[in-house]
Amino acid sequence: MPTPVKANDYLQCVPFARELSGIQIYGDAHSWWDQAEGVYQRGTQPAEGAVLSLPGYGSMQLGHVAVVRKIVDSRNILISHANWSPIDGRRGQIERRVAARDVSANNDWSLVRIWYAPIAELGTTAFPVNGFIYPKNPAKQSGRQWASAKPAPRTQAPNRTLFDRRLKAELAQSAEGERSDSAGQVDLIGELLDSVGS
């Protein structure tokens, strides 16, 4: 009989967002918003390098976090995140620079729809948003390296190993590739194909 898949057998959104953003928060995604209070600036508007924080909602009880990679306009951003879409039947995949759209009535980023690979368009569910958690240092600017946030003191150590050394190395490599991407035209289909291959 096949071995059942456990949560630590695939990449979760939290370690990917932490590695990519430099925001040093641990624990399930739904806890990030409260943990950020008094440690990181929080707000309701997207900014490149900020973490989009979603509370638990419906079957997504643990919440979700994703990193803002580009602001397209007042209602559209591109995000990079892990463990959102199952790709080729596999969970824990990284999706780079995929669409997220503000669908709130007041254009206040309180409700979003996010690209979902199995249907190759924005998903049909509108998810509530806690807001955005901003890194202490801004995302890279032209000619500069990414500046990661100074680690915040941990209130508690992570209570489980999320992945083995091989996955940690892949995570670091993928996040480094995201940070060192040159700014330019974004090919959403190409990015999606890249994420399928990873």
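Counting restarts for each chain, with residues numbered from 1 along the sequence as it is written. Residue-level local features of this predicted model are given only where pLDDT is at least 70; pairs of side-chain atoms are given and counted only at 80 or more, and the full residue set underlies all totals for whole chains, interfaces and linings. Side-chain measures were taken over the full set of non-hydrogen atoms in the model, leaving aside hydrogen atoms and water.

J.: I'm lost on the side chain of Asn76 in this one. Help?
T.: By definition, any uninterrupted DSSP run of H or I lasting at least four residues is a helix, any uninterrupted run of E lasting at least two residues is a strand, and each is numbered from the N terminus. Its place among the elements puts Asn76 in strand S4 (residues 76-82). Each residue is placed in one exposure class: buried if its accessible area under a 1.4 Å probe, protein chains only, is under 20% of its type's maximum, exposed if it is over 50%, and partly exposed if it falls in between. Assessed through its relative accessible area of 17%, Asn76 is described here as buried. Contacts: residue pairs with any heavy atoms within 4.5 Å of one another. Setting aside its immediate chain neighbours within four residues, Asn76 contacts Ile71, Ala100, Arg101 and Trp109.

J.: Quick question: what am I supposed to make of the pairing of strand S9 (residues 131-134) here?
T.: Pairing between strand S1 (residues 41-43) and S9: three bridges, direction antiparallel. Bridge pairing in S9 places Gln41 opposite Tyr134. Direction of pairing for strand S2 (residues 51-54) relative to S9: antiparallel, over a ladder of three bridges. Paired with Ser53 across the bridge in S9 is Gly131. A pair of strands is considered paired only if DSSP assigns at least 2 bridges between the two.

J.: For this particular structure, what's the right way to read the pairing of S4?
T.: Regular strands have side chains that alternate between both faces of the sheet. With respect to burial, S4 is a largely interior element, seven of its seven residues being buried. Of the two faces of S4, both are covered, the one formed by Asn76, Leu78, Ser80 and Ala82 as well as the one formed by Ile77, Ile79 and His81. Judged from the five bridges that link them, strand S3 (residues 64-73) and S4 form a sheet pairing that is antiparallel. What sits directly across from Lys70, in S4, is Leu78. Connecting S3 to the antiparallel partner S4 that follows it, the hairpin turn spans two residues. The pairing of S4 with strand S5 (residues 94-102) spans six bridges and is classified as antiparallel. Looking at the pairing, Asn76 lines up with Arg101 of S5.

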